[in-house]
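Descriptive structure summary
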Amino acid sequence: MKNLILDAILFVLFVAELAFHYLPRDIHEILGVAMIILVIVHVAINFRRFIGSFKKISTRKLLSIEVNVALILATLIILFSGLCMSNFIFPDLMSSALRRNMTIHNLHTSAPYIMTILIGMHIALHCHEIKQRLLNYFEAEFSARLKLFSYALIFMLSLFGIVGLFLNRFLDRILMKHIFATPATDLPAWIFILLIVGSVVFFALVTYILVEKIFKRQP
């Protein structure tokens with residue numbers, strides 16, 4: 001359960017970082033450093049398991065490895081571009097040329113939206129494990145209610161996610177178009193957060209359906 005709590009905190013920090021329009025710049029940088037530290041902790045905790053996944057590789061395991069590697073690469077891009085753009089914690093770490101580089105700015109805003117897809121896929125590929133841990137934690141008589149509630153919540157959040165893809169110009173962000181504000185950022189912070197969370201849930205749901213249909217729950 002401790003790992004789930006750590007992952008939940010990491011996810012909250014990720015969503016908060018995407019909602020940077022609503023945060024002071026210094027808070028955004030502080031939360032970014034905290035998120036990177038937790039990512040390192042997360043990788044360290046699961047490193048042996050990641051290495052073990054290379055043994056007897058199935059199609060499902062191969063997909064999981066690829067998603068994990070992509071998440072690490074996206075995190076490194078965010079870390080490097082964030083250090084280049086830092087004005088508060090590391091203001092003199094990088095040259096002024098890197099600080100003004102528009103490609104680096106676009107990478108810093110594009111990579112988190114790519115991570116939105118990857119995090120959704122990552123959650124879907126570990127959904128059975130997450131589900132079992134939650135069921136073990138809650139009492140058996142509560143499990144049925146939890147299952148029904150979770151299905152309803154996933155459906156509602158997925159609808160928010162679909163709307164969020166359009167309001168946040170998701171494709172344009174991934175294609176590294178220079179975008180600062182979108183119709184989504186004009187909304188109250190709590191709605192923007194719901195749109196981001198919903199996007200992750202939507203990609204998790206799509207991945208889960210495809211994986212369960214194509215790979216038929218391969219280990």
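We now turn to the structure provided with this report. (Residues numbered from 1 in each chain as written. Predicted model: local features only at pLDDT ≥ 70, side-chain atom pairs only at ≥ 80, totals over all residues. Heavy atoms only, no water.)

1. Let's talk about the packing of helix α5 (residues 102–125) against helix α9 (residues 189–214)
Helix-helix packing: each pair is described by the crossing angle between the helix axes and the interaxial distance. Where α5 contacts α9, the two axes come as close as 7 Å, and the packing angle between them is 50°. Between α5 and α9, the crossing angle belongs to the class labelled oblique. Between α5 and α9 lies a crossing of right-handed hand. On α9, the residues touching Y113, T116, I117, I119, G120, M121, I123, A124 and L125 of α5 are F192, I196, S199, V200, F203, A204, T207, Y208 and V211. Considered class by class, the residues forming the contact of α5 with α9 number 14 nonpolar, 4 polar and no charged. (Axes fitted to C-alpha atoms, helices over the stretch in contact; angles between N-to-C directions. Helix = DSSP H or I, 4+ residues; strand = E, 2+ residues; numbered from the N terminus. Parallel < 35°, antiparallel > 145°, perpendicular 65-115°, else oblique. Left-handed = near helix turned anticlockwise from the far one by under 90°. Contact = heavy atoms within 4.5 Å. Nonpolar A, V, L, I, M, F, W, Y, C, P; charged D, E, K, R; others polar.)

2. Details of the side chain of S64
For S64, the location among the structural elements is in helix α3 (residues 59–85). Ignoring sequence-local partners within four residues, the contact set of S64 consists of L125 and H126.

3. Description of the pattern of salt bridges
Counted under the stated rule, the structure contains 3 salt bridges. Where R169 meets D172, a salt bridge forms, and the shortest distance between an N and an O atom there is 3.1 Å. Judged by relative accessible area, which is 18%, D172 ranks as buried. Between D172 and K177 there is a salt bridge, with the nearest N and O atoms lying 3.2 Å from each other. Residues joined in a network through salt bridges with shared partners are R169, D172 and K177. (Salt bridge = Lys/Arg side-chain N within 4 Å of Asp/Glu carboxyl O. Buried < 20%, exposed > 50% of the residue type's maximum accessible area, 1.4 Å probe, protein only.)

4. A short note on the packing of aromatic side chains
The final tally for this structure, using the stated rule, is 4 aromatic pairs. Taken together, a centroid distance of 5.5 Å and an interplanar angle of 40° make the contact between F170 and F203 tilted. Remark: F203 occurs in helix α9 and F170 occurs in helix α8 (residues 170–174); sequence separation between them is 33 residues. F170 sits in the buried class, given a relative accessible area of 7%. What links up through ring pairs into an aromatic cluster is the set Y113, F170, F202 and F203. (Phe/Tyr/Trp six-rings, centres within 6.5 Å; stacked < 30°, edge-to-face > 60°.)

5. Observations concerning the side chain of H28
Within the secondary structure, H28 sits in helix α2 (residues 25–52). Here H28 falls in the buried class, since its relative accessible area comes to 12%. At 3.3 Å, the side chain of H28 and the side chain of E17 are in polar contact. Not counting residues within four places of it along the chain, the set of residues in contact with H28 comprises E17, F20 and H108. (Polar contact = N/O pair within 3.5 Å; in protein donor to acceptor, adjacent residues only side chain to side chain.)

6. Examining α5
With 24 residues, α5 extends 35 Å between its outermost C-alpha atoms, agreeing within 8% with the 34 Å of an ideal straight helix rising 1.5 Å per residue. The N-terminus of α5 is capped by N101, whose side-chain oxygen sits 2.9 Å from the backbone nitrogen of T103. (Expected span 1.5 Å × (residues − 1).)

7. Considerations on unusual backbone geometry
Positioned with a positive phi, R169 is a non-glycine residue whose angle comes to about 50°. With respect to the helices and strands, the residue R169 is situated in the loop between α7 (140–167) and α8. The phi dihedral of M176 falls on the positive side, at around 65°, and the residue is not glycine. One can find M176 in the loop between α8 and α9.

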